[in-house]
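Secondary and tertiary structure notes
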Amino acid sequence: MDEPVDDRAGPDPLTGSVPRRRATAVALARAAGVTTGLFAAYYLLPLDERPTAATWAAFVCGLVAVVLVFLWEIRAILRSPHPRLRAAEALAATAVLFLVLFAAFYYLLERASPGTFSEALTKTDSLYFTLATFATVGYGDIVAQSQTGRLVVMIQMGGGLLLVGVAARVLVGAVQTGLRRQGRQPPPD
């Protein structure tokens, strides 16, 4: 358990760490900023072109970027004076990047091949479909109808399960390692 800290004080002169409340506020602000930035980019980027082989390559590169961001976040957790906060921030950034990537691709896929989904998708519809798939709540209103659409949805489902299951476990392990490096033991399971 973390020791109580006087949040009115500045950074600890020995460790350079900031008080917990301030660190929490910074982590929340960063997570909100990343989330806002990614959603703003999604809505503001001109995704009006028809997908080509380059679009598919960009999608694959985007998936690789999600993995690289996740690995970078693990490194940041291990070095953070507040690994639990950093892990929550990392999960938010990685999940939002993952979701925005798929929403953009679904939007482009429907534009390239109308009828891929049961209805034409706007950017908001694409995001809705992505979140419904990620949350595994089912649809009813929008479904993938083409083989390509279903393939991409299956990739998202598998990736979502990995993100929730494997990534969460990796983040917990990184938090525990970060706490041990600081001489603080994580609470028992």
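Here the structure is a predicted model, which is why all the values come from computation and not from measurement.

Reading the values: the criteria
Residues numbered from 1 in each chain as written. Predicted model: local features only at pLDDT ≥ 70, side-chain atom pairs only at ≥ 80, totals over all residues. Heavy atoms only, no water. Helix = DSSP H or I, 4+ residues; strand = E, 2+ residues; numbered from the N terminus. Buried < 20%, exposed > 50% of the residue type's maximum accessible area, 1.4 Å probe, protein only. Contact = heavy atoms within 4.5 Å. Areas by Shrake-Rupley, 256 points an atom, 1.4 Å probe, with all protein chains shown as cover. Axes fitted to C-alpha atoms, helices over the stretch in contact; angles between N-to-C directions. Parallel < 35°, antiparallel > 145°, perpendicular 65-115°, else oblique. Nonpolar A, V, L, I, M, F, W, Y, C, P; charged D, E, K, R; others polar. Expected span 1.5 Å × (residues − 1). Patch = residues over 30% accessible without salt bridge, like charges linked within 9 Å, V, L, I, M, F, W, Y side chains within 5 Å. Salt bridge = Lys/Arg side-chain N within 4 Å of Asp/Glu carboxyl O. Bend = angle between axes of the 7 residues up to and from the residue. Core = buried A, V, L, I, M, F, W, Y, C linked by side-chain atoms within 4.5 Å. Polar contact = N/O pair within 3.5 Å; in protein donor to acceptor, adjacent residues only side chain to side chain.

Counting its regular elements, the protein contains five helices and zero strands. Along the chain direction, N to C, the helices and strands of the protein fall in the order α-α-α-α-α. Relative to its full complement of 189 residues, the protein shows a buried share of 37%. Within the protein, residue pairs in contact and separated by at least 24 positions form 69% of the contacts whose partners lie at least 6 positions apart. In the form shown here, the protein has an accessible surface area of approximately 10800 Å², with 67% of it arising from carbon and sulfur atoms.

On to the packing of helix α1 (residues 20–44) against helix α3 (residues 83–112). The contact between α1 and α3 brings their axes to 10 Å, and the two run at 5°. Taken together, the axis directions place α1 and α3 in an arrangement best described as roughly parallel. Here R20, A23, T24, A27, R30, A31, V34, T35, L38, F39 and Y42 of α1 come into contact with α3, specifically with R84, L85, R86, E89, A92, A93, V96, L97, V100, A103 and A104. For the contact of α1 with α3, the class distribution of residues is 15 nonpolar, two polar and five charged.

Right, let's talk about α3 for a bit. In this model, α3 (30 residues) spans 43 Å end to end at C-alpha, consistent with the 44 Å of a helix rising 1.5 Å per residue. Among the 30 residues that make up α3, 23 are buried, leaving the element largely enclosed by the rest of the structure.

In this section: a nonpolar patch on the surface. Judged by side-chain polarity, V60, V64, V67, L68 and L71 come together as a nonpolar surface patch covering roughly 440 Å² of accessible area. Mapped onto the elements, L71 comes out in helix α2 (residues 53–79).

Before going further, it helps to spend a moment on helix α5 (residues 147–181). For α5, built from 35 residues, the straight-helix expectation of 51 Å at 1.5 Å per residue is met to within 8% by its first-to-last C-alpha distance of 49 Å. Of all bends in α5, the biggest is about 30°, found at A167. Looking at the residues trailing α5, positive phi occurs at G183, about 85°.

With that settled, consider the nonpolar core. Core analysis: the largest hydrophobic core is formed by 28 residues, its most contacted members being I77, Y106, F117, V152 and L171. Mapped onto this core, the elements with two or more residues apiece are α2, α3 and α5. Take this core: its biggest share by element is 10 residues, from α3. Not counting residues up to four positions away in its chain, the partners in contact with L171 are F70, I74, I77, A87, A90 and L91. Of all hydrophobic cores here, the second largest spans nine residues; its members include L47, V100, Y107 and L127.

Once that is clear, we can look at the side chain of T116. By the element assignment, T116 lies in the loop between α3 and α4 (123–134). Engagement of the side chain of T116 in a polar contact is seen with the backbone oxygen of S113, the distance being 2.6 Å. Excluding its chain neighbours within four sequence positions, the residues that come into contact with T116 are L109, E110, V143, A144, Q145, S146 and G149.

Shape descriptors only; they carry no functional weight alone.
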